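Residue-level structural notes
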Amino acid sequence: MAHDVHAERAALLALLKIRPGKSTWPELATEVAFLGSATCLLEERTSQSLLPDPEVVAALESAEADLVEWERMGLRLVTVMDPDYPRRLLDIRETPPFLFASGHLLSDDRGMSVVGSRHASPLGLSMAAAAAELLVEKGLTVIAGLAAGIDSAAHRAALAAGGRTVAFIGTGIRKSYPAENRALQREIEERGLVLSQFLPDAPPTKYNFPMRNATMSGYGHATIVVEAGETSGTRIQARLATQHGRPVILARAVAETTQWGAALAERRGVYVVAGTGELQSAIEQVLGEQEALRAALRDLAPSAA
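Residue positions are counted from 1 within each chain, in the order its sequence is given. For a predicted model such as this one, the threshold for reporting local features is a pLDDT of at least 70, and the threshold for listing and counting side-chain atom pairs is 80 or more; totals across whole chains, interfaces and linings nevertheless cover every residue. Heavy atoms throughout the structure, all of them, feed into the side-chain values; hydrogens and water do not.

1. A few points about the packing of helix α1 (residues 5-18) against helix α3 (residues 38-46)
A fitted line through C-alpha atoms represents every axis, and for helices the fit uses only the stretch in contact; the resulting angles, taken between N-to-C directions, go from 0 to 180 degrees. Runs of H or I in DSSP of at least four residues are treated as helices and runs of E of at least two as strands, each being numbered from the N terminus. Two numbers describe how α1 lies on α3: the axes approach to 7 Å, and their chain directions differ by 40°. Overall, the two elements α1 and α3 adopt an arrangement that is oblique. Classified by chirality, the crossing of α3 by α1 is left-handed. Where α1 abuts α3, its residues A7, E8, A11, L12, A14, L15 and I18 lie against A38, T39, L41 and L42. All amino acids are sorted into three groups, where Ala, Val, Leu, Ile, Met, Phe, Trp, Tyr, Cys and Pro are nonpolar, Asp, Glu, Lys and Arg are charged, and the leftover types, Gly among them, are polar. A breakdown of the residues in the contact of α1 with α3 according to their chemical character gives nine nonpolar, one polar and one charged. When an angle is under 35 degrees it counts as roughly parallel; over 145 it counts as roughly antiparallel; between 65 and 115 it counts as roughly perpendicular; any other value is oblique. Rotating anticlockwise by less than a right angle from the far helix to the near helix defines a left-handed crossing, while the corresponding clockwise rotation defines a right-handed one. In this description, contact between two residues means that some pair of their heavy atoms is separated by no more than 4.5 Å.

Pasting the structure below:
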């Protein structure tokens, strides 16, 4: 029998509030996705007596109130149990248990991240725009984090080229950060998609952005690092992308001017490029290799049946 969607969501939120066994949110998300039911996991992890656990009852009541309030606000919630949850996020260890979505959500969204410094140079901004335009030409979604600098340049270039862009934000879905990108966020909601893995009114914190970067990496097919310094948060997504088995296309300047970039350039699946010509070749190579892999998997499918 199919589980009630509302009850399942309440159970998921209750699990996240209680965190039985001190499980992390991604650990609980993975377990729920595997079982296909938060209700079953909640019962399995908390039912140790015949009497209702007051902590569980309180968590469920709080979850129910949250769901009612979010529905009243018109917010769209998608969880790991839903068919429209982005499927590639189920492949990573940082799987967010839920996302708030504003815009057109696709469960299988073919795209690449374009990331880099908030304090970008004119050359970096130009390369970000060029990367976005190349992706749009290939029919791919431009994924970025709605930050100032490289991210904003990529989003704007994708929209200007008539393409699709997805913004992963490091705040709740009801917030705009930085404030000067509020209008850009609204335009992306209307013409693409804005996603948040945080509670609706969550403020920006130093912990949110690395989590956001992990989700961005998992969502896309590859990460393009346009421009970044030694201490840039971009290095977090680049490192996570290699851990996720996602290719990284790295600007040669980053490889030559940062220690982390030099180390990353030596890793398998990392393409070092200079200029739009090499960038285009790297994008095409990544797409070609991924298509070859998909074709090989399709050929194996009949024999496995």
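2. Overview of the nonpolar core
The nonpolar side chains of a soluble globular protein tend to be buried, and buried together. The criterion is simple. A nonpolar core is a set of buried Ala, Val, Leu, Ile, Met, Phe, Trp, Tyr and Cys residues joined through side-chain atoms within 4.5 Å. Only protein chains enter the accessibility calculation, which uses a 1.4 Å probe. A residue is then buried if its area is under 20% of the maximum for its type, exposed if over 50%, and partly exposed in between. Membership of the largest hydrophobic core comes to 86 residues, with the highest contact counts inside it found for V114 and I224. Ignoring sequence-local partners within four residues, the contact set of V114 consists of A128, A131, L135, V142, I143, A144, I150, D151, A154, I224 and V226.

3. So, the side chain of T258
Relative to the elements of secondary structure, T258 occurs in the loop between α10 (252-257) and α11 (259-265). Separated by 2.9 Å, the side chain of T258 and the backbone nitrogen of G261 make a polar contact. Not counting residues within four places of it along the chain, the set of residues in contact with T258 comprises A228, G229 and E230. Distance and chemistry together define a polar contact, namely a pair of N or O atoms within 3.5 Å, with one atom able to donate a hydrogen and the other to accept it when in protein, and with adjacent residues in sequence counting only for side-chain atoms on both sides.

4. A look at the sheet that holds strand β3 (residues 111-116)
The pairing of strands in a sheet happens through backbone hydrogen bonds and is either parallel or antiparallel. When DSSP finds two or more bridges between a pair of strands, those strands are recorded as paired. The strand order β1-β2-β6-β5-β4-β3-β7-β8-β9 describes an open sheet built from nine strands, whose pairing is mixed. The sheet is open, and its two borders are formed by β1 (76-79) and β9 (270-273), each paired with just one other strand. The mean angle between the axes of side-by-side strands here comes to 25°, regardless of whether they run parallel or antiparallel.

5. Notes on helix α5 (residues 122-137)
A helix is expected to span 1.5 Å multiplied by its residue count minus one. Given a rise of 1.5 Å per residue, 16 residues ought to cover 22 Å, and the 23 Å separating the end C-alpha atoms of α5 matches this to within 8%. Among the residues of α5, G124, M127, A128, A129, A130, A131, A132, L134, L135 and V136 are the ones counted as buried. A positive phi of about 75° marks G139, the residue just after α5.

6. Focus on the pairing of β3
Where burial is concerned, most of β3 is hidden: six out of the six residues are buried. In β3, alternate side chains face the same way, and those of G111, S113 and V115 on one face and M112, V114 and G116 on the other are all buried. Where β3 lies against strand β4 (residues 141-144), three bridges are found, and the strand directions are parallel. Residue pairing across strands places S113 opposite I143, the latter belonging to β4. Judged from the five bridges that link them, β3 and strand β7 (residues 222-227) form a sheet pairing that is parallel. Each bridged residue has a counterpart across the sheet, and for V114 the counterpart in β7 is I224.

7. Let's talk about the environment of A167
With respect to the helices, strands and loops of the structure, A167 is situated in strand β5 (residues 165-168). For A167, a relative accessible area of 0% translates into the label buried. The sequence separation of A167 and G192 amounts to 25 residues, and the corresponding C-alpha distance is 8.3 Å.

8. Considerations on the packing of helix α6 (residues 150-160) against helix α7 (residues 182-191)
Viewed as axis vectors pointing N to C, α6 and α7 meet at an angle of 45°, and their least axial separation amounts to 11 Å. Classified by the angle their axes make, α6 and α7 are oblique. Our pair here, α6 against α7, has a crossing hand that is left-handed. On the side of α6, the interface is formed by S152, H155, R156 and L159, while α7 contributes L184, E187, I188 and R191. Here the contact of α6 with α7 is built from residues that sort into three nonpolar, two polar and three charged.

9. Some points on the packing of aromatic side chains
Two aromatic rings, taken as a pair, are described by how far apart their centres are and by the angle between their planes. Working definition: rings of Phe, Tyr and Trp (its six-membered ring) pair if their centres are within 6.5 Å, and the pair is stacked with planes under 30 degrees apart, edge-to-face with planes over 60 apart, and tilted otherwise. In this structure the tally under the stated criterion is five aromatic pairs. Ring centres of W70 and F100 lie 5.0 Å apart, and the angle between their planes is 90°; this geometry places the pair in the edge-to-face category. Pair noted here: W70 is in helix α4 (residues 54-73) and F100 is in strand β2 (residues 98-103), with a separation of 30 residues, a long-range link. You'll find W70 and F100 in the same group, each marked buried. An aromatic cluster is built from W25, W70, F98 and F100, whose rings are joined through pairwise contacts. Two conditions define a charge located above a ring, namely a distance within 6 Å from the ring centre to NZ of Lys or CZ of Arg, and an angle within 35 degrees of the ring normal. Directly above the ring of F209 sits R118, whose terminal nitrogen or CZ lies 5.4 Å from the centroid.

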